[in-house]
Amino acid sequence: MKYAHLLFDMDNTLYPASSAMDKGITRRMLECVADFFHCDMERAIELRSERIIHYSTTLEWLRAEGLTDVEGFLAHVHPSYEADELPPQPGLRDFLISLNMPMSVLTNAPHEHADTVLGKLGIADLFEAVTDIRDAGFNGKPYPDAFMAALRKAGSTVENTLFLDDMQKYTDGWVALGGTAVLIGSSNGKPLAQDAQAMIAARAANTTGRAGKTIRMKSIYEIKSLL
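Residues take numbers from 1 onward in each chain, read along the sequence in its written order. The predicted origin of the model limits local features to residues at a pLDDT of at least 70 and limits the giving and counting of side-chain atom pairs to 80 or more, whereas totals for whole chains, interfaces and linings rest on all residues. Calculated side-chain values reflect all of the structure's heavy atoms, with hydrogen atoms and water omitted.

To continue, consider the overall build of the chain. For the chain, the helix and strand inventory stands at nine helices and six strands. Computed over the C-alpha atoms, the radius of gyration of the chain is 17 Å, within 12% of the 17 Å expected from 2.2 N^0.38 for a compact globule of 227 residues. Its C-alpha atoms give the chain principal-axis dimensions of about 50 × 40 × 30 Å. A buried classification covers 51% of the 227 residues belonging to the chain. Numbering goes from the N terminus for both helices and strands, where a helix is a DSSP run of H or I of at least four residues and a strand is a run of E of at least two. When we talk radius of gyration, it's over C-alpha atoms, and the globule rule is simply 2.2 Å times the number of residues to the 0.38. Burial classes follow relative accessibility: with a 1.4 Å probe on protein chains only, a residue under 20% of its type's maximum area counts as buried, one over 50% as exposed, and anything between as partly exposed.

This paragraph deals with the pattern of salt bridges. In what follows, salt bridge is the name for a side-chain nitrogen of Lys or Arg lying within 4 Å of a carboxyl oxygen of Asp or Glu. Throughout the structure, instances matching the rule amount to 11 salt bridges. Here Arg28 makes a salt bridge to Glu82, at a shortest N to O gap of 3.8 Å. With Arg28 in helix H1 (residues 20-37) and Glu82 in the loop between helix H4 (70-77) and helix H5 (92-99), this residue pair connects regions lying 54 residues apart in the sequence. The class for Glu82 is buried, based on a relative accessible area of 3%. One connected set of salt bridges, linked through shared partners, spans Glu71, Glu112, Asp132 and Arg134.

In this section: the nonpolar core. Among buried residues, those of type Ala, Val, Leu, Ile, Met, Phe, Trp, Tyr and Cys that are joined through side-chain atoms within 4.5 Å constitute a nonpolar core. In this structure, Phe8, Leu96 and Phe127 are the most contacted members of the largest nonpolar core, which totals 51 residues. At seven residues, H1 tops the list of elements feeding residues into this core. Once residues within four sequence positions are removed from consideration, Leu96 is found in contact with Phe8, Met103, Ile123, Leu126, Phe127 and Ile220. Within the second largest apolar cluster, 12 residues are counted, among which are Leu106, Phe147, Ala150 and Val175. Should any heavy atoms of two residues lie within 4.5 Å, those residues are considered in contact.

Let's shift gears to the packing of helix H3 (residues 58-65) against H4. Relative orientation and spacing of two packed helices are given, respectively, by the angle between their axes and the distance between those axes. In this description, a line fitted to the C-alpha atoms serves as the axis of each element, helices being fitted only across the stretch in contact, and the angle between N-to-C directions of two axes falls anywhere from 0 to 180 degrees. Between H3 and H4, the least distance of the axes is 11 Å, while the angle of their chain directions is 145 degrees. As H3 runs across H4, the sense of the crossing is right-handed. Packed against H3, whose contacting residues are Thr58, Leu59, Leu62 and Arg63, the element H4 presents Val70, Phe73 and Leu74 at the interface. Looking at the contact of H3 with H4 residue by residue, the classes come out as five nonpolar, one polar and one charged. The hand of a helix crossing depends on one turn: near helix anticlockwise from the far one by less than a right angle means left-handed, and clockwise means right-handed. Three classes are used, and their members are as follows: Ala, Val, Leu, Ile, Met, Phe, Trp, Tyr, Cys and Pro are nonpolar, Asp, Glu, Lys and Arg are charged, and the others, Gly among them, are polar.

A word on the packing of H1 against helix H2 (residues 41-51). The geometry of H1 relative to H2 is characterised by a closest axis approach of 9 Å and an angle of 100 degrees between their N-to-C directions. Here H2 runs roughly perpendicular to H1, going by the angle between their axes. Touching Thr26, Arg27, Met29, Leu30, Glu31, Val33, Ala34 and Phe37 of H1 are Met41, Ala44, Ile45, Leu47 and Arg48, all from H2. By residue class, the composition of the contact of H1 with H2 is nine nonpolar, one polar and three charged. Note on angle classes: values under 35 degrees are labelled roughly parallel, values over 145 roughly antiparallel, values of 65 to 115 roughly perpendicular, and the remainder oblique.

This part is about the pairing of strand E2 (residues 103-106). Every regular strand shows the same layout, with side chains that alternate between the two sheet faces. Here E2 shows two buried faces, one formed by Met103 and Val105 and the other by Ser104 and Leu106. Note: E2 against strand E3 (residues 129-131), three bridges, orientation parallel. Across the sheet, residue Ser104 finds its bridge partner in E3, namely Ala129. Crossover handedness for the path E2 to helix H6 (residues 111-121) to E3: right-handed. Pairing between strands requires that DSSP locate at least two bridges from one strand to the other. Handedness rule for crossovers: strands pointing away from the viewer, path from the first strand over the helix to the second running clockwise, crossover right-handed.

A word on the sheet that holds strand E1 (residues 5-8). If you walk across this open sheet you meet the six strands as E3-E2-E1-E4-E5-E6, and the pairing is parallel. With partners counted over all chains shown, the strands left at the sheet margins are E3 and strand E6 (213-217), one partner each. Neighbour-to-neighbour, the strand axes of the sheet open up by a mean angle of 25 degrees, direction not taken into account. Judged from the four bridges that link them, strand E4 (residues 161-165) and strand E5 (residues 180-184) form a sheet pairing that is parallel. Looking at the pairing, Phe163 lines up with Ala181 of E5.

With that settled, the discussion passes to H1. A rise of 1.5 Å per residue sets the reference length of H1, with its 18 residues, at 26 Å; its end C-alpha atoms lie 26 Å apart and thus fit the reference within 8%. For H1, the full list of buried residues reads Met21, Gly24, Ile25, Arg28, Met29, Leu30, Cys32, Val33 and Ala34. Looking at the residues trailing H1, positive phi occurs at His38, about 55 degrees. The span expected for a helix works out to 1.5 Å for each residue beyond the first.

Keep in mind that most residues, glycine aside, have a negative phi and that most peptide bonds are trans. Cis geometry is found at the peptide bond from Lys141 to Pro142, where omega equals 10 degrees. With respect to the element layout, Pro142 can be found in the loop between E3 and helix H7 (144-154). Despite not being glycine, His38 has its phi angle at roughly 55 degrees, a positive value. Checked against the element boundaries, His38 lands in the loop between H1 and H2. For His38, a relative accessible area of 73% puts it in the exposed group. With a phi angle near 50 degrees, Asn100 is a residue other than glycine that sits in the positive phi range. By the element assignment, Asn100 lies in the loop between H5 and E2.

Pasting the structure below:
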């Protein structure tokens, strides 16, 4: 099938997962966890590892535990200087242009993070829309509402959209809708726990009438074979 729209995750998809910026984001998330639970970083790491498999994001988990200062969390995790550690990606802009297709971004981060990263990479103007965690009501991928919000912005459908992400639990959410996903990279995090999987499946009415599927690729640079 030929697709009419590409929906990209941003972090660790449009650039490699080895980026130092990603490590900084994770460290600041863990600082928020440690502050919320009044524990040290070692315990924060343990808690997050135990609980994140039940939630879409660290933010969703902390909100379930009683966190109310959502904007404070986002501001700490995504400071204005965060992209200083993001290296250039030579060839990325030319590659995306060569795809010659409508493209948009769906991120579980806030819009200001997307603006910073896409600007640093020099590709912000190539995307017709960016859907962020606020657009999704702070419950992002893999919840169906997050995907549908992105599709509404792009004027596209599950059937004609190819979704690309580096996290299996997020591509699983797209597949539950009946879509085709490309899972980028080799280390793709822990899948959601069975309780969370069941909840996502219950919310994800298959709108295409066909089985979804996942295709594994090392990087986005391999996707031309699908287009």
